[in-house]
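# Examination of the molecular architecture
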Amino acid sequence: LSNVANESVQLAIAEIAESGFIRAAFETEIDDEDEPEIFDIMIPNNRATITALQDVAAYCAIYSTVGTVPKIEKPLISSDMIVIAGDSYGSFIEAIKLDSENNSKRIFDLIEVANFMEIIPLMNLACAAVASLMKDKPNEEIATMFGRPPMTKEDEEKIMKEHASLMEVVDF
């Protein structure tokens, strides 16, 4: 996999076969018993940093040995991703989450690349990690975490009023 900066990571096609983007690129089922071939697959997304590609490769390595990501229960039962996703996936995403507590760019780059590549379980795992970062924290702390100014009571009331129909549908 390579990005627009021509940085790349290598992984076996069979490891990345979960990606809808990769399956579509090959327009066929990927047979992991074929002779290994080398392909350079460009991810033309500006958020596809080398770190995001390395994170995708690390996820794929886990997927190839462990298998499917466990179902993530909602609402989250814990802010600890190891409790939520098991040892392998939990440890993987906890390391990214820990890095993202000071700089949320890494996890959002991963979410965007996983979405672009159509690796839905990875996208869901990373989104759950973002939710776990916010779990049980006050709005002010969440705003600071993501580099946003805290909302005022007036802002909150305005949003609740503008989205009243959503509030009836969403179970808080």
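This write-up is about the structure you can find in this document.

Conventions we followed
- Residues numbered from 1 in each chain as written.
- Predicted model: local features only at pLDDT ≥ 70, side-chain atom pairs only at ≥ 80, totals over all residues.
- Heavy atoms only, no water.
- Helix = DSSP H or I, 4+ residues; strand = E, 2+ residues; numbered from the N terminus.
- Contact = heavy atoms within 4.5 Å.
- Areas by Shrake-Rupley, 256 points an atom, 1.4 Å probe, with all protein chains shown as cover.
- Axes fitted to C-alpha atoms, helices over the stretch in contact; angles between N-to-C directions.
- Parallel < 35°, antiparallel > 145°, perpendicular 65-115°, else oblique.
- Nonpolar A, V, L, I, M, F, W, Y, C, P; charged D, E, K, R; others polar.
- Expected span 1.5 Å × (residues − 1).
- Buried < 20%, exposed > 50% of the residue type's maximum accessible area, 1.4 Å probe, protein only.
- Core = buried A, V, L, I, M, F, W, Y, C linked by side-chain atoms within 4.5 Å.
- Phe/Tyr/Trp six-rings, centres within 6.5 Å; stacked < 30°, edge-to-face > 60°.

Secondary structure summary: the protein chain contains 8 helices and 0 strands in total. Starting at the N terminus, the α and β elements of the protein chain follow one another as α-α-α-α-α-α-α-α. For the protein chain, contacts bridging at least 24 residues in sequence account for 61% of all contacts bridging at least 6. Carbon and sulfur atoms form 52% of the exposed surface of the protein chain, whose accessible area is close to 10,600 Å².

Their axes nearest at 10 Å, the elements helix α2 (residues 50-66) and helix α3 (residues 81-100) cross at an angle of 170°. Overall, the two elements α2 and α3 adopt an arrangement that is roughly antiparallel. Counting all contacts with α2, which are made through Asp55, Ala58, Tyr59, Ile62, Tyr63 and Val66, the residues of α3 involved are Ser88, Tyr89, Phe92 and Ile96. The residue inventory of the contact of α2 with α3, partitioned by class, reads 8 nonpolar, 1 polar and 1 charged.

This paragraph deals with α2. The terminal C-alpha atoms of α2 lie 24 Å apart, and with 17 residues this matches the ideal 24 Å at 1.5 Å per residue to within 8%. Among the residues of α2, those classed as buried are Ala52, Leu53, Asp55, Val56, Ala57, Tyr59, Cys60 and Ile62. Of the surrounding elements, those touching the buried residues of α2 are α3, α4 (105-117) and α5 (120-134).

Here serine 132 shows up in helix α5. In this view, serine 132 contacts Leu76, Ser78, Ser79, Met81 and Lys97; residues no more than four positions away in its chain are not counted.

Our next topic: the side chain of serine 2. Here serine 2 lies in the segment before α1 (20-26). The residues contacting serine 2, other than those within four sequence positions of it, are Glu7, Ser8, Asp40, Ile41, Met42, Ile43 and Leu53.

The subject of this paragraph is the nonpolar core. Counting residues in hydrophobic clusters, the biggest one holds 43 residues, and the most contacted among them are Leu1, Ile16, Val56, Ile93, Met117 and Leu125. Of all the elements in the fold, those that place two or more residues in this core are α2, α3, α4, α5 and α6 (139-145). Those residues within four positions of valine 56 in sequence are excluded, and the remaining contacts are Leu1, Ile16, Leu110, Val113, Met117, Ile119 and Leu122.

Turning our attention to the packing of aromatic side chains. Working definition: an aromatic ring pair is given by the centre-to-centre distance plus the angle between the planes. In the structure shown here, the tally under the stated rule is 4 aromatic pairs. On the numbers, 5.0 Å between centres and 50° between planes, the contact of phenylalanine 21 with phenylalanine 116 is tilted. Of the two residues, phenylalanine 21 sits in helix α1 while phenylalanine 116 sits in helix α4, which places them 95 residues apart along the sequence. The class for phenylalanine 116 is partly exposed, based on a relative accessible area of 27%. Among the aromatic residues, those joined into a ring-pair cluster are Tyr59, Tyr63, Tyr89 and Phe92.

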